[in-house]
Amino acid sequence: MPGLPKPITVADAGPRRAAGARAAGRSGPRAGGHRSARPPGGRLRRGETIAGWAFIAPAVVVIIGLAIVPVGWSLLLSFQANDLVTPGHWVGLANYEALVTDPAFGQAVRNTLVYTALYVPLSVALGLALALALNRRIRLVGLYRVLFFVPFVISATVQGTLFAFVLDPQFGAANSVLHALGLEPQGFLTDPNQALLSLVGITLWSGTGFCVVVYLAALQDVPVSLVEAARLDGAGPWRLLWHITLPTLRPVTVFLVLWQLITSLQVFDLVYVTTKGGPLGATTVIVYFIWEQAFKNFTAGYGAAAAYVLAVALLTIAIAQRLVRRRQEALENRLAAGRIGGSGGGPEPVTGGRS
Amino acid sequence: MTATTTAGGGAGRGRPDVTGTTGTTGAAGPRRRRGRIRLLPFSPWHLLLAPLALLFAIPLVWLLLSSVMSNAEINRFPPALWPSGIDLGGYRFVFNNAGFPRWFLNSVIVSLVTVATNLVLGSLAGYAFARMRFFGSRVLLVLMLATMAIPFQLTMIPTFLIMKWLGLIDTLGALIVPSLVTPFAVFLLRQFFLSLPRELEEAAWIDGCTRMRVLLRIVLPLSRPALSTVAVLTFLATWNDLTWPLIAIHHESQYTLQLGLATFQGKHLTQWSALMAGNVITVLPVLLAFLGAQKAFVRSITSSGLKG
């Protein structure tokens, strides 16, 4: 904070120095020629390599040591029988072979896919609907936005314990309300047929706000001129949505779908807190399976193999995201190039907000 | 004034309702509705938004209410939906019987240290990657970017073994070390530094400032938005994390709040009001931070979404 006034004076001095002062030679020999303009990018001063390494060393040690090394280590583990205590022994592909036939893993994959197939489209669609409803001049918009978004910052543990309570078959408010309405009480998280659906409901409560906020930010970038023009041409509201708004939002939608896909394939905390994979394995998801194998049954090699299966799936999605993004950027660049001198606030959708 | 309200209202009403309460596909343009008498003293959108907002708010209201109910009130059937009076028994239980104060302190320590180290180490590495070209910088940057795609589940087992080897299991160190600096913090700060005009730094460079001074005096004061983004997201992630503490911590005195809450339920069956009191205490710092810095939060989260 005390450093703030400084850059302002520097900012004032910068251009002046570049233009006038340099010609006058006021800053002495160091300012001579092109040399002065290059340093913050070029390899000029001696010791730049040493300084550079000093700057990045802590980050490199932590990130290589605790991300790159473990990736290789995990691969080795997945070829071993390992209990995390005694040294493991090599079993080749046995862990992977066991995974294929393990009904528990099959169920975990199925549960995860069902959960994902429900949660991802519902959260994105609901997020879009709410964002469209909020993207207008009505009162209380700020309040609505806060209410939709607040659950997102609440930890999965609190969500889990709170909903375990609300949905408690005996003492929960949900059944209490059903009772008051004269309806049958439900089992919710304790009913094998409802547990996974209940989890989807809980994450919709907490995760939709994220989609709302991202969509709202993106909606600010829907070009007003385009909307006006379409309206003048007699486009109705549905056509505006279909032909203008949704196409502009497409990159955001793609991003949100992939993002939600990645997070929902990795769901764990909520499951641990609410059902611990039960009842009868109805909510055992992949990450829960991995955790259980590695840290409860102490079959770490088997857990690592399952983790690799998940990681490959996630990586495929991440690569897809990359590719889609690259294509979009290329498209945007082409559009931008073709529109030089056009409308000033041209659409560089949300990517403009990337910092 | 009138023009803007009618235009806004007309467009608003004409806009499609995605949830499917209106079936008319905009047969008439917005123009026809301009003269219509308003049936409601407020926008009809509130009819859709208000109930949904209520639905989102109810669990939190219920959380607050049940934390001040007595257990007797909760444990009868059907349970009370509204407290008859304020009973702080749950909060008292949490403060006296369980390890909550200690867990709270642990969570605070871990979160604050992690935020601080991410800001410092992230800025250093981010600046070097943004402005300095030196032997190995390219390769390392690519490597670091690649690690962002590595899911935690893949690294957690070896990370546990590394922490065990370092003798950190069952200490707060095990919670801090793996997230001392995340590739995300480095990358986000690097991108922001790249967006700053070089001229400022060049001027200082000409004046003979060292890299460190340029970073401290010029770059960082201009980078407050990015720094706050890193701080907010790091805090949220650390404060709310359960998976890693669950793996790395077994001794109750080293629990974080999330871990404490998760095990509390099993240990004190049907101590609902105490559990809800614990929930309130756990959520409060995050909620206060959120309400206090809403803009920074929302900006952080929307921009984080775009890291790719």
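Structure first, text after, so check above.
Within any chain, residue numbers begin from 1 and follow the written order of that chain's sequence. To read the labels, note that chains go from A and ligands from 1, taken in the order they are written. Only residues with pLDDT of at least 70 are given local features in this predicted model, and only at 80 or more are side-chain atom pairs given and counted; all residues enter the totals for whole chains, interfaces and linings.

### Structural notes on the overall build of chain A
Part 1 of the argument: Secondary structure is summarised from DSSP: a helix means a run of H or I of at least four residues, a strand means a run of E of at least two, and numbering begins at the N terminus for each. Helix and strand counts for chain A stand at 13 helices and two strands.
Part 2 of the argument: Exposed residues have 12 or fewer other C-beta atoms within 10 Å of their own C-beta, buried residues have 20 or more, and residues in between are partly exposed; the C-beta atoms are placed from the backbone. When the 355 residues of chain A are sorted by exposure, 41% land in the buried category.
Part 3 of the argument: By the criterion used throughout, residues are in contact when their C-beta atoms, derived from the backbone, lie within 7 Å. Partitioning the intrachain contacts of chain A with sequence separation of at least 6 by distance along the chain shows that 67% fall at a separation of at least 24.

### Here we look at the interface of chain B and chain A
Part 1 of the argument: The partner chain A presents 111 residues to the 108 residues of chain B that form the contact.
Part 2 of the argument: Here the side of chain B that touches chain A takes twelve residues from helix α2 (residues 45-67) of chain B, the largest share from any one element.
Part 3 of the argument: Looking at the side of chain B that touches chain A residue by residue, the class counts come to 71 nonpolar, 28 polar and nine charged. Classification convention: Asp, Glu, Lys, Arg as charged; Ala, Val, Leu, Ile, Met, Phe, Trp, Tyr, Cys, Pro as nonpolar; all other residues, Gly among them, as polar.

### Topic: helix α10 (residues 198-206) of chain B
Residue and element names in this part refer to chain B.
Part 1 of the argument: Summarising burial for α10: seven of the nine residues are buried, a large majority.
Part 2 of the argument: All of the buried residues along α10 are L200, E201, E202, A203, A204, W205 and I206.
Part 3 of the argument: At the exit of α10 stands G208, carrying a positive phi of roughly 95°.

### Things to note about unusual backbone geometry
Residue and element names in this part refer to chain A.
Part 1 of the argument: A cis amide bond links G278 to the next residue, P279, at an omega of -15°.
Part 2 of the argument: Relative to the helices and strands, P279 is located in the loop between α11 (269-274) and α12 (286-296).
Part 3 of the argument: One non-glycine residue with positive phi stands out, namely L84, at about 70°.
Part 4 of the argument: Residue L84 is classed as partly exposed on the basis of its 17 C-beta neighbours within 10 Å.
Part 5 of the argument: With a phi angle near 70°, L140 is a residue other than glycine that sits in the positive phi range.

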